[in-house]
Amino acid sequence: MIKAEQKPMEEILRYLDPYNKILLSGCGACVTVCHAGGEKEVGLLASGLRMARQKMGKRIQILEITPPRQCEPEFALEMSQTLEKVEAVVSIACGVGVQTLVRHTPKTPVFPGVNTTFLGETITHGVWEERCQACGNCVLEQTGGICPVSRCAKQLLNGPCGGPSNGKCEINQETDCAWQLIYDRLNGLGQLYKLEEIIPAKRWGAESRDRGPRRMAREDLKV
Amino acid sequence: MKAGSHLERVLDKGMFAITGEFNPPGGNDVRAVERKADLLKDCVDAVNVTDNQSAMVRMSSVAASSLLIQMGLEPVMQMTTRDRNRIAIQSDLMGATALGIKNVVCLTGDHHSFGNQVDSKNVHDLDSIQLIDCVRTMRDQGTLLGGVEKIEGEIRLFIGAVENPFADPFEFRALRLGKKVRAGADFIQTQCIYDMDRFKEWMKRVQDRGLHEKCRILAGISPLNSERIILQCGEKTLRKVPIPEGLVGRITKSKDPREEGIRVCVEQIQELKEIKGIHGIHLMGMDLEEQFARIVDGAGLLPRPKVE
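A quick note: this is a predicted structure, and the numbers were derived from the prediction, not measured. Sequence order sets the numbering: in each chain, residues are counted from 1 along the sequence as written. Key to labels: chains lettered from A, ligands numbered from 1, both in the order written. In view of the model being predicted, local features appear only for residues whose pLDDT reaches at least 70, and side-chain atom pairs are presented and counted only at 80 or more, with totals across whole chains, interfaces and linings using the full set of residues.

Quick notes on the overall build of chain B
Reasoning step 1: Along the backbone of chain B there are 11 helices and 8 strands.
Reasoning step 2: For the radius of gyration, the atom set is restricted to C-alpha positions; the globular benchmark scales as 2.2 Å times the number of residues to the power 0.38. For 308 residues, the compact-globule estimate of 2.2 N^0.38 gives 19 Å, and chain B sits close to it at 18 Å.
Reasoning step 3: Overall size of chain B, expressed as C-alpha extent along the three principal axes, is 60 × 45 × 40 Å.
Reasoning step 4: Around each residue's C-beta, the other C-beta atoms within 10 Å are counted; 20 or more make the residue buried, 12 or fewer make it exposed, and counts in between make it partly exposed. All C-beta atoms are placed from the backbone. By the burial criterion, 52% of the 308 residues in chain B qualify as buried.
Reasoning step 5: Here the contact rule is simple: place C-beta atoms from the backbone, and any two residues whose C-beta atoms are within 7 Å are in contact. Put simply, 81% of the contacts in chain B that link residues at least 6 apart link residues at least 24 apart. Here a helix means four or more residues in a row that DSSP labels H or I, a strand means two or more in a row labelled E, and each is numbered from the N terminus.

In structure tokens form, the structure reads like this:
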């Protein structure tokens, strides 16, 4: 899922400096799971902002809302009446959610309250790691189900660089070398032969974000 | 002959080749290039020109290689995939060959977080193996990557690659070398060797795959001294190459660690010459050019051959 972490309080306060009545909107999906932007975090951040503004001698009124999925237009539409009542919005959904609100609020500024960090998985409670870069052409079949695009610091597709030692990446001793993981996995599966194949240059320009923002359209689903 | 470079001819004649590393200056000081060129001129067959080594911004390897040609040396231009996409890579290769550069070493490059522009965006449009394939496509098919668009003129390059026999996973290293050879590597330069036992174990795997007969392998040599051992074992440097404790002791306990480091290299060269499939050595190390000449002399490898 999408991971995010809250921006520094000072930064959010700076965004909100000119405003006295705002909406703080969380999201019930990904950012709830990573404890960055769910209902609980909306409440905590609202309290924090109120206290900080009180200290500054500039009280602020904060409406709170946490739609199930901020990135779905139907929920943004449901929020439209509330959106009209405020001077600005802080969204602690991911960057997608922020932009969904922007699309539905032509006259109210929407600010991000979190930094969207990566597509990742939960390792253990409170620890998340990146697992996918949405590169547009999944290579997991060739790499034992471990993604070198997201997990190798150099995105190498044909094996490890000259840096890893003891299974760790040379850049960060806490990070597993993706190619060590791939090697161990394929070794365990008896599929080391897969490593012999040269994976050709990836088509970043045709398949990835490098061709500009991607769009999918499914005729069977259109209404 | 693939490129007709001096290095290729030395290797083709079955001579024990010597390349040496040259790090371009962190600016445009041509005299700094000249000073190092003078030190390397008579002791190596060709000079590896690093490409922003350790991700530190330096004079470009294309420009520095071209300067070396003007000074009468043969460059081996290093090219990393860290800073260029395939457009820039192919453009630089056209320019480099137009300037008379005949050897290229294809590598990924040290991660930019080790350098002096840590906030940069790393590119890695290609990886080192795909870069080798790209150069070979340009040379042998006369087209750009993709095999369609024709190149004006000929890209004649002797293609090199690198391998670190000491990085993990060890079992992957010879396999990966095989991929580089299949992609088109004509010669290989290894990371510097301190653990000779592990190097021999790696070479055995290379021989088992028959790779020593399909490419020329130049073994990495880099003289140690006390400061370099401290640096290499220190927390802030790359831990790419392990130094066995016995060797650390030999250098640090010696009365003259610098001299001892040179003696170790000479002994290593003698040992390497006995290994099947070692076609030469590659001398490495930042600002160690003065010691290169003494190592080569000590190993009885002077004068360097003049090959027609």
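Moving on from the coordinates now.
Some remarks on helix H10 (residues 257-273) of chain B
Residues and elements named next belong to chain B.
Reasoning step 1: With 17 residues, H10 should reach 24 Å at 1.5 Å per residue; the first-to-last C-alpha distance of 24 Å fits that figure.
Reasoning step 2: Turning to H10, its buried residues are Glu260, Gly261, Ile262, Cys265, Gln268, Ile269 and Leu272.
Reasoning step 3: The secondary structure elements touched by the buried residues of H10 are helix H7 (196-208), strand S7 (216-221), helix H9 (245-252), strand S8 (278-283) and helix H11 (289-298). Expected span, for any helix, means 1.5 Å times one less than how many residues it has.

What to know about the domain arrangement of chain A
Reasoning step 1: Residue ranges for the domains trace back to a domain assignment, done automatically or taken from a database. Domain parsing of chain A yields domain 1 (2-118) and domain 2 (133-209).
Reasoning step 2: Distance from the C-alpha centre of domain 1 of chain A to the C-alpha centre of domain 2 of chain A: 37 Å.

Topic: the sheet that holds strand S2 (residues 21-25) of chain A
All names here are of chain A.
Reasoning step 1: Two strands qualify as a pair provided DSSP detects at least 2 bridges between them. With parallel pairing, the 4 strands of this open sheet are ordered in space as S3-S2-S4-S5. Single-partner strands in this sheet number two, and they are strand S3 (61-65) and strand S5 (110-112). Averaged over all adjacent pairs, the angle separating strand axes in this sheet is 25°, with direction ignored.
Reasoning step 2: In terms of strand pairing, strand S4 (residues 88-91) meets S5 through 3 bridges, oriented parallel. Its bridge partner being in S5, Val90 is matched across the sheet by Phe111.
Reasoning step 3: As a rule, the C-alpha atoms of each element are fitted with a line to give its axis, helices using only the stretch in contact, and angles between N-to-C directions run from 0 to 180 degrees. Set on the sheet, helix H3 (residues 39-55) makes contact with S2 and S3; between it and S3 the angle comes to about 175°.
Reasoning step 4: On top of the sheet, helix H6 (residues 95-104) reaches S2, S4 and S5; it is set at about 175° to S5, its chief contact.

A closer look at the packing of helix H6 (residues 170-183) of chain B against H7(B)
Residues and elements named next belong to chain B.
Reasoning step 1: Interaxial distance between H6 and H7 falls to 9 Å at its minimum, and their mutual angle equals 45°. Taken together, the axes of H6 and H7 are oblique relative to one another. For the pair H6 and H7, the sense of crossing is right-handed. Where H6 approaches H7, its residues Arg173, Ala174 and Leu177 are matched on the opposing element by Trp202, Arg205 and Val206. Angular relationships are summarised with four words: roughly parallel below 35 degrees, roughly antiparallel beyond 145, roughly perpendicular across 65 to 115, and oblique for the angles in between. What makes a crossing left-handed is the near helix being turned counterclockwise from the far one by less than a right angle; a clockwise turn instead makes it right-handed.

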